[in-house]
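Close look at the chain arrangement
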Amino acid sequence: MTPSQPILAIVVPCYNEQDVIIDSLSTLRAILKTMVSEKQISPDSYIVLVDDGSTDNTYSPIQTRRDKNTRIIKLAHNVGHQAALLAGLHYVTDKVDCCISIDADLQDDIEVMPEMVRHFCNGKQIVYGVRSNRDSDTLFKKGTASLFYQLMQQMGVPIIDNHADFRLVSNTVLKEFSKYKEVNLFLRGVFPQMGYPSSSVTYSRKKRNGGESKYPLWKMMKLAANGITSFTNYPLKIITNVGIIVFAGSLLAALWVVYVVIADKNVPGWASITLPIYFLGGIQLLSLGIIGEYISRIYLETKQRPFYHIEEIVE
């Protein structure tokens, strides 16, 4: 049974956010206080800041400004946004009724948090924050983001369009999520795949108040590769299909060569030799690279190393 005033945790991964972290913490405390005063959530609700091994002055200010509704997890070293978020989710499991994850820059609109909680109280186990527009992004970022979601969906990866990691999940989902042990966890694909009753809230994405984006192009590409290799073997099927096509083409080329020799129409030239070599060599290298990605994932899974190491928890 869903409580009328659930205990809520707001999980915030932080990495080198000294320019925004104090303002963000104040803003989150304000929305938490408002929701408590309006009896939407329990007074026992709190914020969890996960310091992902920041190398700037992110940790000290939040450590000195902690209160009874703020908890801090300091990781021993930088493990990346997804693993830091994972640390926060693991921490709040069985301690709350639901949690909302959000990035420290607060480009995602915290004003929809009360709506998320209402969806939860009405029986939804997962509530996705979906961007209604990306006006704050550059044209290049919009294009690459659109390509990212289209590519993932085309390859069969369960992903919500224009949703990142701003979501509410219930403790029921958190407990089931804790059973996932693979190293290469793609959170944006895992939660939709779980199949629990879900809904979405839309919002306009804001501009950053300071600092830099932690997801430049190369990290987005890495995230996409991780999502694809974690959820589908579609690239391996592409390799197989390309191999079949090239083999069929080679048979046709062989028949053509026999015809040219018999008809005495052979024209000497390096292009007919060099271009196929480069073409097939490129396909082979690309195929080996894709296969290597899957093998590297298997290698990492067999080691079963922990996602993160916690240096300190401040409660």
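Okay, so let's go over this structure.

So, how was this worked out
Residues numbered from 1 in each chain as written. Predicted model: local features only at pLDDT ≥ 70, side-chain atom pairs only at ≥ 80, totals over all residues. Heavy atoms only, no water. Axes fitted to C-alpha atoms, helices over the stretch in contact; angles between N-to-C directions. Helix = DSSP H or I, 4+ residues; strand = E, 2+ residues; numbered from the N terminus. Parallel < 35°, antiparallel > 145°, perpendicular 65-115°, else oblique. Left-handed = near helix turned anticlockwise from the far one by under 90°. Contact = heavy atoms within 4.5 Å. Nonpolar A, V, L, I, M, F, W, Y, C, P; charged D, E, K, R; others polar. Buried < 20%, exposed > 50% of the residue type's maximum accessible area, 1.4 Å probe, protein only. Core = buried A, V, L, I, M, F, W, Y, C linked by side-chain atoms within 4.5 Å. Phe/Tyr/Trp six-rings, centres within 6.5 Å; stacked < 30°, edge-to-face > 60°. Pairing = 2+ DSSP bridges. Salt bridge = Lys/Arg side-chain N within 4 Å of Asp/Glu carboxyl O.

Our next topic: the packing of helix α1 (residues 21–37) against helix α4 (residues 113–121). It is the contact of α1 with α4, at a shortest axis distance of 10 Å, that shows an interaxial angle of 45 degrees. On the basis of the axis angle, α1 is oblique to α4. Crossing handedness for the pair α1 and α4: right-handed. Across from L28, I31 and M35 in α1, the residues of α4 making contact are M113, P114 and V117. Residues that form the contact of α1 with α4 fall into these classes: 6 nonpolar, no polar and no charged.

As a further point, take helix α7 (residues 187–194). In terms of burial, α7 is largely enclosed, as 6 of its 8 residues are buried. Residue G195 follows α7 closely and has a positive phi angle near 85 degrees.

Okay, unusual backbone geometry next. Here D94, not a glycine, exhibits a phi torsion of approximately 70 degrees, which is positive. By the secondary structure assignment, D94 is in the loop between α3 (81–92) and β4 (98–101). Judged by relative accessible area, which is 55%, D94 ranks as exposed. Not every positive phi belongs to a glycine, and L106 is a case in point at roughly 55 degrees. Looking at the secondary structure, you find L106 in the loop between β4 and α4. Given a relative accessible area of 10%, L106 falls into the buried group.

Now for the nonpolar core. Grouped together as the largest cluster of nonpolar side chains are 33 residues, with contacts concentrated most on L8, I10, V12 and M113. Mapped by element, the contributors of at least two residues to this core are β1 (8–14), α1, β2 (46–51), α2 (59–64), β4, α4, β6 (163–170) and β7 (198–204). Ranked by residue count, the leading element in this core is α1, at 6 residues. When near neighbours in sequence (up to four residues on either side) are disregarded, M113 contacts I10, L28, I31, M35, I100, I102 and F166.

Turning to the environment of P276, a few remarks are in order. You can see P276 is positioned in helix α10 (residues 271–303). Owing to a relative accessible area of 36%, P276 belongs among the partly exposed residues under this scheme.

By the secondary structure assignment, T34 is in helix α1. Taking the relative accessible area as the measure of exposure, T34 reaches 36% and is therefore partly exposed. Distance from T34 to P114, taken between C-alpha atoms, is 9.4 Å for residues 80 residues apart in sequence.

Another point: the packing of aromatic side chains. Under the criterion given, the structure shown has 3 aromatic pairs. For the ring pair F166 and Y203, a centre distance of 5.4 Å and an interplane angle of 85 degrees mean the geometry is edge-to-face. Taken together, the residues F166 in strand β6 and Y203 in strand β7 connect sequence positions 37 residues apart. Residue classification places F166 among the buried positions, given a relative accessible area of 1%.

With that out of the way, let us pick up the sheet that holds strand β3 (residues 70–75). The mixed open sheet is built from 8 strands, whose spatial order is β7-β5-β6-β4-β1-β2-β3-β8. Only two strands of the sheet have a single neighbouring strand rather than two, namely β7 and β8 (310–314). Ignoring which end each strand starts from, the neighbouring axes of this sheet average 20 degrees apart. With 4 bridges connecting them, strand β5 (residues 126–133) and β6 associate as antiparallel partners. Paired with V127 across the strands is L168, a residue of β6. Sheet contacts for α3: β1, β2, β3, β4, β6 and β8; angle to β1, the most-contacted strand, approximately 155 degrees. Taken strand by strand, α4 contacts β1, β4, β5, β6 and β7, and its axis lies near 45 degrees from that of β6.

Time to look at the pattern of salt bridges. As enumerated under the stated definition, the model contains 7 salt bridges in all. Ionic pairing is found between R29 and D67, a salt bridge with its closest N-O pair at 3.4 Å. Residue R29 is found in helix α1, and its partner D67 is found in the loop between α2 and β3; the two are separated by 38 residues along the sequence. Here D165 ties to R188 by a salt bridge, and the two come within 3.5 Å at their closest N and O atoms. Here R188 lies in helix α7 and D165 lies in strand β6, a separation of 23 residues in the sequence. One salt-bridge network, held together by shared partners, links D108, R131 and R205.

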